[in-house]
Amino acid sequence: MTAPAPRRKGANRTADITPELLQALSLGEIETATLTESLAVDQARLLQAVFPDAWPQLEDTAQALGQLGILKRMESIGGLLWQALGQAGWQRCLTHRSDTVRGWACFMAGAQPGLTLSQRLELLQPLADDSHFGVREWSWMGVRPHLASDLPQAVAELSRWTRRTSDRLRRFASEALRPRGVWCSHIAALKQQPEIALPLLQRLRADASPYVQDSVANWLNDAAKSRPDWVRALCAQWLEESPVPATRRICERAQRSLKES
């Protein structure tokens, strides 16, 4: 059996991205290896490379997206592709070798009309479980507005994800509803009433995966910025009821920004 190729180290500075690398990324020939590379991708050029037949109807809108921030750009391309190409465009993006293109699929899942929250999440599952770190982040961003608009249903649906075998899916369950999620709008209700998400968080308080532990800790660290006493009390309760290394690690990291009064 042939051993898998070692993962490419990637560029951590824009200056380290060679013209050849940028071309390969922008033609969808390889995946990005770092956030720096992801931000450097020429998405209009990538869109033309992936959908050459549809490019004439996409070009004007796509070229205007260059002035947007990365999240708005991804969201806008996802909406554009769903409107122009529908299911065929979704299938093409879903399995493409470029992580940026699979990222568009995440936002296409958010753009599709008429789906229940359960249907939307199931549609997104392979992307939430993607091998690429970037696609996993785009996956929750792509549906976060739908989750935030119906928090009771979102908590119920995501609580079921906390029992998934994959730690990537369990992490999604926590990360998708962070009160102050990175690169996205805050969820005001969860900043003021973090207990809304307690049924979900409770199921992850002793998760064996550090990947999940970090997300739960970050969730509580977000909440601590507006409800510090609630976070302190919850961590004290968890440590009493579940005095295991995983819970201790979560609680220590969750309270890292708090100062003793």
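Residues numbered from 1 in each chain as written. Predicted model: local features only at pLDDT ≥ 70, side-chain atom pairs only at ≥ 80, totals over all residues. Heavy atoms only, no water.

The chain is annotated in an unreviewed UniProt entry as DNA alkylation repair protein from Delftia acidovorans.

Before going further, it helps to spend a moment on the overall build of the chain. The secondary structure content of the chain amounts to 15 helices and 0 strands. Relative to the 2.2 N^0.38 estimate, which gives 18 Å for 261 residues, the radius of gyration of the chain is 20 Å and therefore close to what a compact globule would have. Seen through its C-alpha atoms, the chain measures out along the principal axes to roughly 60 × 40 × 40 Å. The buried share among the 261 residues of the chain stands at 50%. For the chain, the share of sequence-separated contacts (at least 6 apart) that also reach a separation of at least 24 residues comes to 64%. As presented, the chain carries roughly 12700 Å² of accessible surface, and 51% of it is formed by carbon and sulfur atoms. (Helix = DSSP H or I, 4+ residues; strand = E, 2+ residues; numbered from the N terminus. Rg over C-alpha atoms; globule rule 2.2 N^0.38 Å. Buried < 20%, exposed > 50% of the residue type's maximum accessible area, 1.4 Å probe, protein only. Contact = heavy atoms within 4.5 Å. Areas by Shrake-Rupley, 256 points an atom, 1.4 Å probe, with all protein chains shown as cover.)

Turning our attention to the packing of helix α7 (residues 117–128) against helix α8 (residues 133–148). Two packed helices can be described by the angle between their axes and the distance between those axes. Between α7 and α8, whose axes approach to 9 Å, the crossing angle comes to 170°. As far as their axial angle goes, α8 and α7 are roughly antiparallel. Side by side, α7 and α8 meet where Leu117, Arg120, Leu121, Leu124, Leu127 and Ala128 of the first sit next to Val135, Arg136, Ser139, Val143, His146 and Leu147 of the second. (Axes fitted to C-alpha atoms, helices over the stretch in contact; angles between N-to-C directions. Parallel < 35°, antiparallel > 145°, perpendicular 65-115°, else oblique.)

Here we take up the nonpolar core. Ranked by internal contacts, the top residues of the largest apolar core, which has 76 residues, are Leu47, Phe172, Leu177 and Leu220. The element best represented in this core is helix α5 (residues 70–94), accounting for 10 residues. The residues that make up this core include at least three from each of domain 1 (24–59 + 67–149) and domain 2 (191–260). (Core = buried A, V, L, I, M, F, W, Y, C linked by side-chain atoms within 4.5 Å. Domains from an automatic or database assignment.)

Looking at the assigned domains, one finds that the chain contains domain 1 (24–59 + 67–149) and domain 2 (191–260). A straight line from the C-alpha centre of domain 1 to that of domain 2 covers 31 Å.

A separate point is a nonpolar patch on the surface. Together, Leu35, Leu39, Val182 and Trp183 make up a nonpolar patch on the protein surface, roughly 360 Å² of accessible area in all. Along the chain, Leu39 falls in helix α2 (residues 35–40). (Patch = residues over 30% accessible without salt bridge, like charges linked within 9 Å, V, L, I, M, F, W, Y side chains within 5 Å. Salt bridge = Lys/Arg side-chain N within 4 Å of Asp/Glu carboxyl O.)

With 25 residues, α5 should reach 36 Å at 1.5 Å per residue; the first-to-last C-alpha distance of 19 Å falls well below that figure. The axis of α5 is deflected most strongly, by about 125°, at Leu85. (Expected span 1.5 Å × (residues − 1). Bend = angle between axes of the 7 residues up to and from the residue.)

Time to look at the side chain of Thr34. Counting through the fold element by element, Thr34 comes out in the loop between α1 (19–26) and α2. Setting aside residues up to four positions removed in sequence, Thr34 forms contacts with Lys9, Gly10, Ala11, Asn12 and Phe133.

Another aspect to go through is the side chain of Asn221. Following the sequence through the fold, Asn221 ends up in helix α13 (residues 210–224). What Asn221 contacts, discounting residues up to four positions off in sequence, is Ala254, Arg256 and Ser257.

The next thing to look at is the packing of aromatic side chains. The final tally for this structure, using the stated rule, is 3 aromatic pairs. Through successive ring pairs, a cluster of aromatic residues spans Phe107, Trp138 and Trp183. Geometry around Trp161 places Arg164 over its ring, the cationic atom sitting 4.9 Å from the centre. (Phe/Tyr/Trp six-rings, centres within 6.5 Å; stacked < 30°, edge-to-face > 60°. Lys NZ or Arg CZ within 6 Å of the ring centre and 35° of its normal.)

With the rule as written, the count across this model stands at 16 salt bridges. The residue Lys72 makes a salt bridge to Glu75 at a minimum N-O spacing of 3.7 Å. Of the two residues, Lys72 and Glu75 are both situated in helix α5; the distance of 3 residues between them amounts to about one turn of the helix. By relative accessible area, which is 35% here, Glu75 ends up partly exposed. Residues joined in a network through salt bridges with shared partners are Glu137, Arg171, Glu175, Arg178 and Asp222.

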